[in-house]
Amino acid sequence: MVRRNDQRRAALVDAAIEVLAREGARGLTFRAVDGEAAVPAGTASNYFANRDDLLTQAGARVYERLQPDEATLARRRTAGRDREAYAELMREVVGRVAAFRTGYLALLELRLEATRRPELRKVLTERVRADVDANVAYHEGSGLPGDAVAVKLLMLTLNWLIVEQLTLPDVFTEAEREQLVRAAVERIVVPDLP
């Protein structure tokens, strides 16, 4: 029987994210999650039907934790509507995602694992598609320049910049990353014509 203490479940899923980032998908065991969460042995197995359930919930939790807070959303609503404002938005996104290093690394592990697990692939595909759609909808409602293709191209471009920053942080300096974000916006986002 699967237990229903939501706080304990969240702590276990957060522990799974840490294990995934540090040990990879092969290191994700109920025992490793119990140890990371500092709970008695066997606790995780009481909360998750199986390892696939744990993997799936870890993927959903990463996306949940990557969402901007209300203060960030309020700031975005009052920001400008030009390419400079767009570049600032992209810098904020890159910074927020990079700040949750273990979450993003766990997500990369989950993506690799999804190539071998159809159910996980299905869940991640739905979640990423929803994320793309939400970003396009935000963009279309924001009045920022560019179109849906620009949003998708920026997502793809900046995702790889984040991978570089988290896995090989010395490839680009902070100043170079800033310059690359600005250049991506300037080259991908075509200003709206009057």
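The rules behind the values
- Residues numbered from 1 in each chain as written.
- Predicted model: local features only at pLDDT ≥ 70, side-chain atom pairs only at ≥ 80, totals over all residues.
- Heavy atoms only, no water.
- Helix = DSSP H or I, 4+ residues; strand = E, 2+ residues; numbered from the N terminus.
- Areas by Shrake-Rupley, 256 points an atom, 1.4 Å probe, with all protein chains shown as cover.
- Lys, Arg positive; Asp, Glu negative; His and termini not counted.
- Charge placed at Lys NZ, Arg CZ, Asp CG, Glu CD.
- Core = buried A, V, L, I, M, F, W, Y, C linked by side-chain atoms within 4.5 Å.
- Buried < 20%, exposed > 50% of the residue type's maximum accessible area, 1.4 Å probe, protein only.
- Contact = heavy atoms within 4.5 Å.
- Salt bridge = Lys/Arg side-chain N within 4 Å of Asp/Glu carboxyl O.

Asks: Even after reading the chapter, I still don't get the overall build of the chain, so can you show me in this structure?
Replies: Looking only at helices and strands, the chain has ten helices and zero strands in total. Ordering the α and β elements of the chain from the N terminus gives α-α-α-α-α-α-α-α-α-α. The C-alpha extent of the chain, read off along each of the three principal axes, is 60 × 35 × 30 Å. Looking at the chain as shown, the accessible area adds up to about 11100 Å², and 55% of this sits on carbon and sulfur atoms. A distance of 4 Å separates the average location of the 29 positive side-chain charges in the chain from that of its 30 negative side-chain charges.

Asks: In this structure, what is going on with the nonpolar core? I would like to understand it.
Replies: One recurring pattern in soluble globular proteins is that nonpolar side chains are buried together. Counting 53 residues, the largest nonpolar core has Leu-20, Leu-28, Val-33, Tyr-86 and Met-90 as its most contacted members. If you list the elements that add at least two residues to this core, you get α1 (6–23), α3 (43–47), α4 (51–66), α6 (83–99), α7 (101–114), α8 (118–142), α9 (148–167) and α10 (174–188). Discounting residues that sit within four places of it in the chain, Tyr-86 has contacts with His-139, Leu-144, Pro-145, Val-151, Leu-154, Val-185 and Val-189.

Asks: What should I look at first to understand the pattern of salt bridges in this one?
Replies: When their charged atoms lie close together, side chains carrying opposite charge are able to pair. Inspection of the entire model under this criterion finds 17 salt bridges. The shortest N-O distance in the salt bridge between Arg-65 and Asp-14 comes to 3.2 Å. In this pair, Arg-65 sits in helix α4 while Asp-14 sits in helix α1, placing the two residues 51 residues apart along the sequence. The closest approach of N and O atoms between Arg-116 and Glu-113, which form a salt bridge, is 3.1 Å. On the basis of relative accessible area, Glu-113 is assigned to the buried category, the value being 8%. One network of salt bridges, with partners in common, ties together Glu-84, Glu-88, Arg-91, Glu-178 and Arg-182.

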